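# Observations on the model geometry
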Amino acid sequence: KIQEFLPAAVMLPPKRLEVLLKQALVLQARNCVYHNSDFIPHISNSSLLEDHSCSRDMFPTETKQILEHRDEVLHCTWSNSGLFLATGRSMAASISGNTTHSATSW
């Protein structure tokens, strides 16, 4: 309760170190060249001895399926189930198709 009356320069807020470490992990994951998921490393399963970096082997490098587009694709997104891929073209049309691979297997 005494922290309510003292400025942060005198006494740090509770769990301040934990907050700073979480922010560092989020920043490292966002700056990781091969990080391709929304997963953010957690303090409990991350090492503080080295920076976060994903292996190049984790990045998809082979074509699994080809969609029938005639112009460039401007946007694509997976369905909630991970079985459908919707893509948007410059002509404001979209193609939604059942894929042979789910989003998690790519």
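Residue numbers restart at each chain and count upward from 1, following the sequence in its written direction. Thresholds applied to this predicted model are a pLDDT of at least 70 for local features of residues and 80 or more for the giving and counting of side-chain atom pairs; totals over whole chains, interfaces and linings are not thresholded and use all residues. Heavy atoms from the whole structure form the basis of all side-chain values; hydrogens and water molecules are not counted.

This part is about the overall build of the chain. Within the chain, the regular secondary structure consists of one helix and three strands. By the criteria applied, helices consist of DSSP H or I runs no shorter than four residues and strands consist of E runs no shorter than two, each listed in order from the N terminus. Shown N-terminal to C-terminal, the secondary structure of the chain runs as helices and strands in the order α-β-β-β. Among the 106 residues that make up the chain, the fraction classed as buried is 11%. Residues count as neighbours in contact if any of their non-hydrogen atoms are within 4.5 Å of one another. For the chain, the proportion of contacts with a sequence separation of at least 24, taken over those separated by at least 6, is 19%. All accessibility values rest on the Shrake-Rupley procedure with a 1.4 Å probe; residue burial counts only the protein chains present in the view. Total accessible area computed for the chain in this model is approximately 8900 Å², and 56% of it derives from carbon and sulfur atoms. Partly exposed residues are those whose accessible area sits between 20% and 50% of the maximum for their type, while under 20% is buried and over 50% is exposed, using a 1.4 Å probe and protein chains only.

Attention now moves to a nonpolar patch on the surface. Residues Ile2, Phe5, Leu6, Val10 and Met11 make up a contiguous nonpolar surface patch of about 510 Å² in total accessible area. With respect to the element layout, Ile2 can be found in the segment before α1 (16-31). Residue classification places Ile2 among the exposed residues on the basis of a relative accessible area of 53%. Within the patch definition used here, like charges are joined within 9 Å and nonpolar side chains (Val, Leu, Ile, Met, Phe, Trp, Tyr) within 5 Å, considering only residues with over 30% relative accessible area and no salt bridge. For salt bridges, the criterion is a side-chain nitrogen of Lys or Arg within 4 Å of an Asp or Glu carboxyl oxygen.

Taken as a whole and assessed by the stated rule, the structure comprises one salt bridge. Residue Glu18 is joined to Lys22 by a salt bridge in which the shortest nitrogen-to-oxygen separation is 3.3 Å. Placement of the pair is Glu18 and Lys22 together in helix α1, with a separation of four residues, close to one helical turn. The exposure class assigned to Glu18 is partly exposed, which follows from its relative accessible area of 33%. Assessed through its relative accessible area of 37%, Lys22 is described here as partly exposed.

Attention now moves to the pairing of strand β1 (residues 73-78). Direction of pairing for β1 relative to strand β2 (residues 84-89): antiparallel, over a ladder of five bridges. Paired with Val73 across the strands is Arg89, a residue of β2. Once β1 ends, the chain turns through five residues before running back antiparallel as β2, passing Gly82 with a positive phi of about 85°. Pairing between strands is defined by DSSP: at least two bridges between the two strands are required.

Residue Lys15 is not a glycine yet carries a positive backbone phi of 60°. Within the secondary structure, Lys15 is located in the segment before α1. With a relative accessible area of 62%, Lys15 lands in the exposed category.

Here we take up the confidence of the model for the chain. pLDDT is a residue-level measure of predictor confidence that goes from 0 to 100. Considering every residue of the chain, the mean pLDDT works out to 76; 83% of them sit at 70 or more. For the chain, the element scoring lowest by mean pLDDT is strand β3 (residues 94-98), at 58; α1 scores highest, at 89.

With that out of the way, let us pick up the state of the cysteines. Working definition: a disulfide is two cysteine sulfur atoms within 2.5 Å of each other. Inspection of the entire model under this criterion finds zero disulfides. Of all cysteine sulfurs in the structure, the one in Cys54 sits closest to Cys32, which takes part in no disulfide; the separation is 3.8 Å.

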